[in-house]
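# Structural characterization, general
What follows is the residue order along each chain.
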Amino acid sequence: MDWNALLLLLLAALGYLYRSEWERRQAVERQLSDRKYEVYVTLMNTYFDVMKAGRTNTPLDQEDLIDRMNTLAKELILYGSDEVYKEYLKWTETGRGGSVSINQFGKVVAAIRKDMNPKTKVTYEEVLRLFINDYDDAKGKGLLEGLPLTAVEETKTGNKLP
């Protein structure tokens, strides 16, 4: 038996196995990236639905919103990057604490951008400038960090809450 031919055959087989494994891993990474993108879009859509309801004084189905947020949390645990998940967790914790942090939401969106495009240089403040007409004024008045939910409701409706 010719050892050169056997060695060549062995190298060809190893090359084929390596390429097959590499292609399989690439396919898995693409699937995870696609799923992650879907989760991030769902998060943004949920946020915009809440913002639109607030601007138009349209009541939201609270059960539906809770279900959507629970599904988002589950999917972020599975598919979101560590940074996105941690920023999202901080954002939801401020809500559970009875306040709204627009800054923290901006950090969630900036983390999503960084996860989807690691070369991005967009900061959370630049993200918020897209959502807030007079960002500097709102920042100066302290309206971006830890605003109590009661104050948000008063601002939206013009009514004091009990």
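Okay, so let's go over this structure. (Residues numbered from 1 in each chain as written. Predicted model: local features only at pLDDT ≥ 70, side-chain atom pairs only at ≥ 80, totals over all residues. Heavy atoms only, no water.)

Take the packing of helix α1 (residues 3-56) against helix α4 (residues 102-116) next. Remark: α1 packs on α4, axes separated minimally by 11 Å, with the N-to-C direction vectors making an angle of 155 degrees. On the basis of their axis angle, the class for α1 and α4 is roughly antiparallel. Viewed along their axes, α1 and α4 form a crossing whose handedness is left-handed. Contacts between α1 and α4 pair Lys 36, Tyr 37, Tyr 40, Leu 43, Met 44 and Tyr 47 from the former with Ile 102, Phe 105, Val 108, Val 109, Ile 112, Asp 115 and Met 116 from the latter. For the contact of α1 with α4, a count of residues per class yields 11 nonpolar, no polar and two charged. (Axes fitted to C-alpha atoms, helices over the stretch in contact; angles between N-to-C directions. Helix = DSSP H or I, 4+ residues; strand = E, 2+ residues; numbered from the N terminus. Parallel < 35°, antiparallel > 145°, perpendicular 65-115°, else oblique. Left-handed = near helix turned anticlockwise from the far one by under 90°. Contact = heavy atoms within 4.5 Å. Nonpolar A, V, L, I, M, F, W, Y, C, P; charged D, E, K, R; others polar.)

Looking now at α1. In this model α1 runs 79 Å from its N-terminal to its C-terminal C-alpha over 54 residues, within 8% of the 80 Å that 1.5 Å per residue would give. Within α1 the residues assigned to the buried category are Lys 36, Val 39, Tyr 40, Leu 43, Met 44, Thr 46, Tyr 47 and Ala 53. On its buried face, α1 is in contact with α2 (62-79), α3 (82-96), α4 and α5 (124-131). Capping of α1 at its N-terminal end is provided by Asp 2; its side-chain oxygen lies 3.3 Å from the backbone amide nitrogen of Asn 4. Just downstream of α1, Asn 57 is the residue with a positive phi angle, here 55 degrees. (Expected span 1.5 Å × (residues − 1). Buried < 20%, exposed > 50% of the residue type's maximum accessible area, 1.4 Å probe, protein only. Polar contact = N/O pair within 3.5 Å; in protein donor to acceptor, adjacent residues only side chain to side chain.)

This brings us to the environment of Gly 80. Tracing the backbone through its elements, the reader meets Gly 80 in the loop between α2 and α3. Assessed through its relative accessible area of 14%, Gly 80 is described here as buried. For the pair Gly 80 and Lys 36, spaced 44 residues apart in the sequence, the C-alpha separation amounts to 6.0 Å. Leaving out residues up to four positions away in the same chain, Gly 80 has contacts with Tyr 40 and Glu 75.

Here we come to the nonpolar core. Within soluble globular proteins, side chains that are nonpolar generally end up buried alongside one another. Leu 43, Tyr 88, Trp 91 and Ile 132 are the most contacted members of the largest nonpolar core, which has 23 residues in total. Going through the elements one at a time, α1, α2, α3, α4, α5 and α6 (135-140) are the ones with two or more residues in this core. Sort the elements by how many residues they give to this core and α4 lands first, with seven residues. Aside from chain neighbours lying at most four places away, what touches Leu 43 is Leu 72, Tyr 88, Trp 91, Val 108 and Ile 112. (Core = buried A, V, L, I, M, F, W, Y, C linked by side-chain atoms within 4.5 Å.)

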